[in-house]
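# Structure at a glance
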Amino acid sequence: MIGILGGGQLGRMLSAAAARLGFDVTILDPEPDCPAARVSARHLVAAYDDIEALRTLAGLSAVVTVEFENVPAVALERLMTLGVPVAPGPRALAIAQDRVDEKTFLNGVGAPTVPFEAASDREGAARAAAQLGGRVLIKTRRDGYDGKGQSWATSPDQAASVFAALGGRPVIVEAPAVFRRELSIIAARGWDGAFAAYPLAENEHENGVLRHSIAPAETAPGTGRQAQEIAGKVLQGLDYVGVAGIELFELEDGSLLVNEIAPRVHNSGHWTQDGAATDQFEQQIRAVVGWPLGPVHATARVRMSNLLGDEILQWPVLASDPACRLHLYGKREARAGRKMAHVNRVSPL
């Protein structure tokens, strides 16, 4: 039995991958009708930090993993004290949950980022903007995702106003990255330190939400090596076990900066389901249970597109296209901007 904290679409696809390999899954998620629970052996309906639910999960599971990074790190610490292995560990989640800690860690292991400053009040945000050249991106340190919890400022005065508009919470103030395009690398590390990284994906965002990933990305020969070196440093520095997504900016000179890390399977890795020898979900299961990591070479060229909200109604057309592989998430309600499915358009390499 594998325990998974989180019952959304990533948990659903992890559970399906585990089943293919002969494992059962218990989902812990507070939503009674979450997508992952309906394809899993058991479902514990409880908050992620519910002590009794964690005790039950620990008793059932040989190992516990997560489907998203905002599970409280203290929940993983509690599971470890109950004697069950956890992968990835609480430190990886804690670092990824705080944008200042994340960029401080990245710089510490030799993974370059944009210049940044922390701010905890209006005056601090204004000072940081002045130090970083005036035009800055301001993000809440915690809880933002898919473009939420962030806004641009073009001057120190405006930075102070943005700080207030973001709720007066601690923020990170980032210098802008003048980049050619956005890339990402999906990498895995096992309990024994074995490392494997997929080919790069090129990503297109709209209003902070990933819309398309194209993989393998067309890159210069050294770009993939540079990305793999960064991924290796990050995963080793975290003593990481499992699959992680690392979002990158490719600058005009060909160098790479890390935008952020995701200690889990990643939206930009969905292409691997129909375009790689081992998909990222099976790779995560392999890593956390101690199996050898699977091969990561591309077997096809894939354009992955997210279907948001009512775009799910396109499913009959997509399902009739022989080049498309449709992956629906089993969500009951199609709200505006909600990720409902993705489609992989496959072509030969």
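Here the structure is a predicted model, which is why all the values come from computation and not from measurement. (Residues numbered from 1 in each chain as written. Predicted model: local features only at pLDDT ≥ 70, side-chain atom pairs only at ≥ 80, totals over all residues. Heavy atoms only, no water.)

### Looking at the sheet that holds strand β3 (residues 42-44)
This is how the line gets drawn: In this description, strands pair whenever DSSP reports at least two bridges between them. Here a strand is any run of E in DSSP of at least two residues, a helix any run of H or I of at least four, and the numbering for each starts at the N terminus. Lines fitted to C-alpha atoms define the axes here, with helix axes fitted over just the stretch in contact, and angles between the N-to-C directions of these axes take values from 0 to 180 degrees. Whether two residues touch is decided by their heavy atoms; if any such pair falls within 4.5 Å, the residues are in contact.
Spatial strand order, β3-β2-β1-β4: 4 strands in an open sheet with parallel pairing. Strands at the two margins of the open sheet, each flanked by one partner only, are β3 and β4 (63-66). Recorded for the sheet is a direction-independent mean angle of 25 degrees between the axes of neighbouring strands. Bridge analysis of strand β1 (residues 2-5) against β4 gives 4 bridges, and the strand direction is parallel. Residue pairing for β4: Leu5 is matched across the bridge by Val66. Relative to β1, helix α1 (residues 9-20) is tilted by about 170 degrees, and along the sheet it contacts β1, β2 (25-28) and β4. Helix α2 (residues 51-60) contacts β1, β2, β3 and β4 of the sheet and is inclined by roughly 170 degrees relative to β2.

### A few points about the packing of α1 against helix α10 (residues 280-289)
We apply this condition: An angle counts as roughly parallel when it lies under 35 degrees, as roughly antiparallel when it exceeds 145, as roughly perpendicular when it falls between 65 and 115, and as oblique in every other case. Two helices cross in a left-handed way if the nearer one is turned anticlockwise from the farther one by less than a right angle. They cross in a right-handed way if the turn is clockwise. Only Asp, Glu, Lys and Arg are considered charged, only Ala, Val, Leu, Ile, Met, Phe, Trp, Tyr, Cys and Pro nonpolar, and every remaining residue, Gly among them, polar.
Look at α1 against α10: their axes get within 8 Å of each other, and the N-to-C directions meet at 65 degrees. The angle between α1 and α10 places the two elements in the roughly perpendicular class. In this structure, α1 meets α10 at a crossing whose hand is right-handed. Of the residues in α10, those in contact with Leu10, Met13, Leu14, Ala17, Ala18 and Arg20 of α1 are Phe281, Glu282, Gln284 and Ile285. Of the residues that constitute the contact of α1 with α10, the class distribution is 7 nonpolar, 1 polar and 2 charged.

### Regarding the packing of aromatic side chains
Note the cut-off: A pair of Phe, Tyr and Trp rings is counted when the ring centres sit within 6.5 Å of each other, with Trp represented by its six-membered ring. The angle between the planes then sorts it: under 30 degrees is stacked, over 60 is edge-to-face, the rest tilted. Using a 1.4 Å probe on the protein chains alone, a residue whose accessible area is under 20% of its type maximum counts as buried, one over 50% counts as exposed, and one in between counts as partly exposed.
Using the criterion set out here, one finds 4 aromatic pairs in the structure. Each ring, one from Phe179 and one from Phe249, has its centre 4.5 Å from the other, and the planes form 15 degrees; the classification is stacked. Of this pair, Phe179 sits in strand β9 (residues 179-189) while Phe249 sits in strand β13 (residues 242-251), and the two are 70 residues apart along the sequence. Residue classification places Phe179 among the partly exposed residues on the basis of a relative accessible area of 32%. We classify Phe249 as buried; its relative accessible area is 11%.

Just distances and angles here, no functional claims.
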